[in-house]
Amino acid sequence: MKKKLRIILVWTLVSLVLQYGAYSYLNNQVQKVMAPSEKSEPVTLQLKATIPGSDLKNIQVSYAKDYLAYTENGTFKIFNLINKKVVFEKKSPSPNDKTLGVLTYQWLPDRNTLLYFYAKKNPNPVTSVTVYPPKTTVKTPIPTPTPVEPKTEDPNQKIVTEVPKVVFKEVPVEPRIEKRINPQITELYSLELPNSDESTAPTDNFDQTIDNFSAGGKIEDLVVSTFTNSMYFTVKNESTELLMQIDIMKHVRTLSKSGESIDNMVASERNGTLYIDSKMGTTRQVIALDGTNRHIISKNNNDRILGIRAGKIYIGEIQNNELVKIKTTPDLPELTNNPSLKTEWKGSIPFGNNVRTLIGAKGQMVVYNHQTAYIVTDGQLAEVQLHGDENYVSVDGAELIQLTKEGTSTLVELQPLKPKS
């Protein structure tokens, strides 16, 4: 009997160990998909390709560095850098209207998938609507009769009067015709591309229509939180600016305050928090948004959000168009106002209107324009001179994309971005 119990106990333990191992493996695989490892080395390539066209705009390279997204004369295109050919393009519905067509796009940080917004003109930009207002109720009082004087001098006799009556009468109101301006039709798509060495065509998926997108609106910034599958973008037109969110359930809501201007924003890859540079009048603050809840990260009027990576929020202090200080604070799930900021670097880096900033996969701060890249790593500053007519850096800070015009074509050269030793 004891032997049988021992055998049962052993097999029970073996079963539990196997189940635990299987669950751990599945959990790790899910985590890799939902939140790719921050310690993995970014992909880098060294290659050259000639792209037809000499007016390439808004250059963005995919996370695997094998596809290049850009616009040319209002047409959105994807170029396969390995097979050296255009594999996708989408034209504007009206070449003469720059507010239509592909408004903006962004690669997802962990796969060959690109999100983009596409605007079309509403076939009924103005509609006439008959408005039937509710009937109006008018009070019509009946005149009060004159009090009857008593005929005797009896002090107990009361004066008899009638209580005035009020008649309520409904007065019909004529309907009116109102003209209503309809928003433009703005659609969200996700473009999935195969491995660059395959011949399969990309899959262009329609996701949803944004109904409350104002006509002529321009998307200034677009960020995606892979942790919450939420998308944040700013829409600007001549009179207003809105910060909008599309959540995992495809619900669209506005997060900005009336009169608020947003210069830059980044989304947490760990907690889904959105960090913005908020400007209200002359007051600038770095704000954290957790849904509709707001927390002040910095009240310093010179502070700007620079980026976020591996649990650190990077904030730059800007004075006289110079980046003079880089500060950090932890990206925590529980937010508080005015957290402590740790100074990581002090110095001077040109910070004009044409600079771009990003935090590389190894925590390096990259500030660059089309001539020079400034890289701060572990408190040390290094410079890289850039030689293309236009130069871009991948979002992981690992790859330099140099564009040089050659007649009616553009030479694209990819190489690792490394300071000279």
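Everything that follows concerns the structure shown earlier in this document.
The shown structure was predicted, so the numbers you read here are calculated from the model rather than taken from an experiment. (Residues numbered from 1 in each chain as written. Predicted model: local features only at pLDDT ≥ 70, side-chain atom pairs only at ≥ 80, totals over all residues. Heavy atoms only, no water.)

Describe the overall build of the protein chain, listing the residues and the values that go with them.
On a plain count of helices and strands, the protein chain comes out with one helix and 32 strands. By the burial criterion, 38% of the 421 residues in the protein chain qualify as buried. The long-range fraction of contacts in the protein chain, counting pairs at least 24 apart against all pairs at least 6 apart in sequence, stands at 48%. If you sum the accessible surface of the protein chain, you get close to 25000 Å²; carbon and sulfur atoms cover 52% of it. (Helix = DSSP H or I, 4+ residues; strand = E, 2+ residues; numbered from the N terminus. Buried < 20%, exposed > 50% of the residue type's maximum accessible area, 1.4 Å probe, protein only. Contact = heavy atoms within 4.5 Å. Areas by Shrake-Rupley, 256 points an atom, 1.4 Å probe, with all protein chains shown as cover.)

How would you explain the packing of aromatic side chains if you had to name every residue and give the values?
Enumeration according to the criterion identifies seven aromatic pairs in this entry. Between Tyr67 and Trp107 the ring centres are 6.4 Å apart and the planes differ by 25°, which places this aromatic pair in the stacked class. You can see Tyr67 sitting in strand 3 (residues 67-72) and its partner Trp107 sitting in strand 6 (residues 101-107), a full 40 residues away along the chain. Considering the side-chain rings of Phe76 and Tyr105, the 4.6 Å spacing of their centres and the 40° angle between planes classify their relative orientation as tilted. Within this pair, whereas Phe76 is found in strand 4 (residues 75-80), its partner Tyr105 is found in strand 6, the two being separated by 29 residues in sequence. With relative accessibility at 3%, the residue Tyr105 sits in the buried group. Among the aromatic residues, ring-to-ring pairing joins Phe76, Phe88, Tyr105, Tyr116, Tyr189 and Phe206 into one connected group. (Phe/Tyr/Trp six-rings, centres within 6.5 Å; stacked < 30°, edge-to-face > 60°.)

Let's hear about the pairing of strand 6: which residues, and what values?
Both faces of the sheet carry side chains from a regular strand, because those side chains alternate between them. Burial within strand 6 is extensive, with five of its seven residues counted as buried. Hairpin connection, strand 6 to strand 7 (residues 113-120): the antiparallel pair is bridged by five residues. (Pairing = 2+ DSSP bridges.)

Before we move on, could you go through unusual backbone geometry and cite the residues and values that matter?
Leave glycine aside and you will find that most residues have negative phi; peptide bonds, for their part, are mostly trans. Within the chain, Asn73 stands out as a residue other than glycine whose phi angle is a positive 50°. Take Asn73: it is sitting in the loop between strand 3 and strand 4. Even without being a glycine, Asn229 presents a positive backbone phi close to 55°. Topologically, Asn229 is positioned in the loop between strand 14 (218-225) and strand 15 (230-236). Residue classification places Asn229 among the partly exposed residues on the basis of a relative accessible area of 41%.

How would you sum up the sheet that holds strand 27 (residues 365-368)? Please name residues and give values.
Across the sheet, which stays open at both edges, the four strands sit in the order 26-27-28-29 with antiparallel pairing between neighbours. Each having just a single partner strand, strand 26 (356-359) and strand 29 (380-385) make up the two edges of the open sheet. Sheet twist, expressed as the average angle between the axes of neighbouring strands with direction ignored, equals 20°. With four bridges joining them, strand 26 and strand 27 adopt antiparallel strand pairing. Pairing of Ile359 across the sheet is with Met365, part of strand 27. (Axes fitted to C-alpha atoms, helices over the stretch in contact; angles between N-to-C directions.)

Which residues make up the pattern of salt bridges, and what values go with them?
Under the definition given, this model contains 13 salt bridges. Residue Glu41 pairs with Lys362 through a salt bridge whose shortest N-O separation is 3.4 Å. In this pair, Glu41 is assigned in the loop between helix 1 (2-34) and strand 1 (47-52) and Lys362 in the loop between strand 26 and strand 27, connecting sequence segments 321 residues apart. Exposure class is identical for Glu41 and Lys362. Each is exposed. (Salt bridge = Lys/Arg side-chain N within 4 Å of Asp/Glu carboxyl O.)

Would you mind going over the sheet that holds strand 3 in detail, with residue names and values included?
Strand order in the open sheet formed by four strands is 2-3-4-5, and the pairing between neighbours is antiparallel. Bordering the open sheet on either side are strand 2 (56-61) and strand 5 (85-90), each of which pairs with just one other strand. Put simply, the sheet's adjacent strands are angled 25° from each other on average, direction ignored. Two strands pair when backbone bridges link them, and strand 4 and strand 5 are joined in this way by five bridges, in the antiparallel orientation. Across the sheet, the residue bridging to Phe79 is Val86, located in strand 5.

Residues and numbers for the nonpolar core, please.
Of all hydrophobic cores here, the largest spans 25 residues; its most connected members are Ile59, Leu68, Leu81, Ile401 and Val412. When contributions to this core are tallied by element, the ones reaching two or more residues are strand 1, strand 2, strand 3, strand 27, strand 28 (372-377), strand 30 (390-393), strand 31 (399-406) and strand 32 (409-416). Other than its neighbours up to four places away in sequence, Val412 contacts Leu47, Lys48, Ala49, Ile51, Leu68, Leu81, Ile401, Gln402 and Leu403. (Core = buried A, V, L, I, M, F, W, Y, C linked by side-chain atoms within 4.5 Å.)

Give a detailed account of the side chain of Thr186, specifying residues and quantitative values.
You can see Thr186 is positioned in strand 12 (residues 185-192). You can call Thr186 buried: its relative accessible area is 0%. Sequence-distant contacts of Thr186, that is, excluding residues within four places in its chain, are made with Leu103, Phe117, Tyr118, Ala119, Gln208, Thr209, Ile210 and Phe213.

Tell me about the pairing of strand 30, and please be specific about residues and values.
The two faces of strand 30 match: Glu390 and Tyr392 on one face and Asn391 and Val393 on the other face are all buried. Relative to strand 31, strand 30 runs antiparallel, the two sharing four bridges. Residue Asn391 lies in a different strand from strand 31, and its bridge partner there is Gln402.

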